[in-house]
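# Residue-level structure breakdown
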Amino acid sequence: FTLIIITAFYLTVGALLRQKKLSEMKTDFINNMTHELKTPLATISLAIDAIRTDKVRNDQDRFRYFTSIIKDENQRMNKHVETILQAAQMERQEEKLDKKLLHLHDNITRVITNLQLQIQEKNGKVEFHLHATNDLLSADENHLTNLINNLVDNAIKYSKPDSLFFSITT
């Protein structure tokens, strides 16, 4: 009888620890996805505010620039939503990376271009030193873009106005 009670105790504690770990993972996932969705929403909001100005409405090039930012950020949000749906479907299966050859310079430039409005809002400055002779790498495009985007977005978010400066070197 004592052995049964001890076994039941250990099984119960083990189940509670697994549930606690699962709860922490869900909380982390929700926090990460909230962060991932807030960035494109903030960029879209800034682009819409810019489009509403007469200066931008009368300049077709700038208007196209801001609408392309909105389109890119909208696509990025759709990718995040797709990631959430895939995670819900996969449950406990391992995620498979969609690795392909990517140009790192193109990816960095695209992320900085999409976040340019937020950088300008903080009176920030970006310097590019993209001199890698071979910037080709095998990576999952979505994860690589999220990685670069998170680094730049956190720098924007946690910097003081007029003190934001990036120097990107490859």
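Residues numbered from 1 in each chain as written. Predicted model: local features only at pLDDT ≥ 70, side-chain atom pairs only at ≥ 80, totals over all residues. Heavy atoms only, no water.

## Points about the nonpolar core
The nonpolar side chains of a soluble globular protein tend to be buried with one another. Note the threshold: Only buried residues count toward a nonpolar core, which is a set of Ala, Val, Leu, Ile, Met, Phe, Trp, Tyr and Cys residues joined through side-chain atoms within 4.5 Å. The classification of residues rests on relative accessible area computed with a 1.4 Å probe and restricted to protein chains. Under 20% of the type maximum is buried, over 50% is exposed, and intermediate values are partly exposed. Here a helix means four or more residues in a row that DSSP labels H or I, a strand means two or more in a row labelled E, and each is numbered from the N terminus. Every residue pair with non-hydrogen atoms within 4.5 Å of one another is taken to be in contact.
Membership of the largest hydrophobic core comes to 15 residues, with the highest contact counts inside it found for Ile112, Ile119, Val152, Ile156 and Phe166. At the level of secondary structure, the elements contributing two or more residues to this core comprise helix H4 (104-114), helix H6 (141-157) and strand E4 (165-169). By residue number, the principal contributor to this core is H6, which donates four residues. For Val152, the residues in contact, after removing those within four places along its chain, are Ile112, Leu115 and Phe166. Membership of the second largest hydrophobic core comes to eight residues, among which are Ala47, Val56, Ile69 and Leu117.

## Describing the pairing of E4
Under the convention used in this document: We call two strands paired when DSSP finds no fewer than two bridges between them.
A one-sided burial pattern is seen for E4, the buried positions being Phe166 and Ile168 and the unburied ones Phe165, Ser167 and Thr169. Pairing of strand E2 (residues 125-129) with E4 involves five bridges; the strand directions are parallel. Opposite Glu127, over in E4, you have Ser167 as the bridge partner.

## Description of the packing of helix H1 (residues 2-51) against H6
Formally: With axes taken as lines fitted to C-alpha atoms, and helix axes fitted only over the stretch in contact, angles between N-to-C directions fall between 0 and 180 degrees. Every angle not falling under 35 degrees, over 145, or within 65 to 115 is termed oblique; those three ranges are roughly parallel, roughly antiparallel and roughly perpendicular. Think of it as three bins: nonpolar holds Ala, Val, Leu, Ile, Met, Phe, Trp, Tyr, Cys and Pro, charged holds Asp, Glu, Lys and Arg, and polar takes everything else, Gly as well.
Running from N to C, H1 and H6 cross one another at 75°; their axes reach a closest spacing of 11 Å. On the basis of their axis angle, the class for H1 and H6 is roughly perpendicular. For the pair H1 and H6, contact is made by His35, Glu36 and Thr39 and by Asn146, Asn149, Asn150, Asp153, Asn154 and Lys157, respectively. Taken together, the residues that form the contact of H1 with H6 break down as no nonpolar, six polar and three charged.

## Some words on a nonpolar patch on the surface
The condition is simple: A patch consists of residues exposed above 30% relative accessible area that lack any salt bridge, with like charges linked at up to 9 Å and nonpolar side chains (Val, Leu, Ile, Met, Phe, Trp, Tyr) linked at up to 5 Å. Methods summary: accessible areas were calculated by the Shrake-Rupley approach with a probe of 1.4 Å, and residue burial reflects only the protein chains presented. A carboxyl oxygen of Asp or Glu within 4 Å of a side-chain nitrogen of Lys or Arg is what we treat as a salt bridge.
Judged by side-chain polarity, Ile6, Phe9, Tyr10, Val13 and Leu17 come together as a nonpolar surface patch covering roughly 530 Å² of accessible area. As for its placement among the helices and strands, Tyr10 is situated in helix H1. Here Tyr10 falls in the exposed class, since its relative accessible area comes to 59%.

## Overview of the packing of aromatic side chains
How two aromatic rings sit relative to each other is set out by the distance from centre to centre and by the angle between their planes. To keep it simple, the criterion reads: The pairing test for Phe, Tyr and Trp rings, Trp by its six-membered ring, is centres within 6.5 Å, and the orientation test on the planes gives stacked under 30 degrees, edge-to-face over 60, and tilted for anything in between.
All told, the structure shown has two aromatic pairs when counted by the stated rule. With centroids separated by 5.7 Å and ring planes inclined at 70°, the aromatic side chains of Phe9 and Tyr10 adopt a geometry described as edge-to-face.

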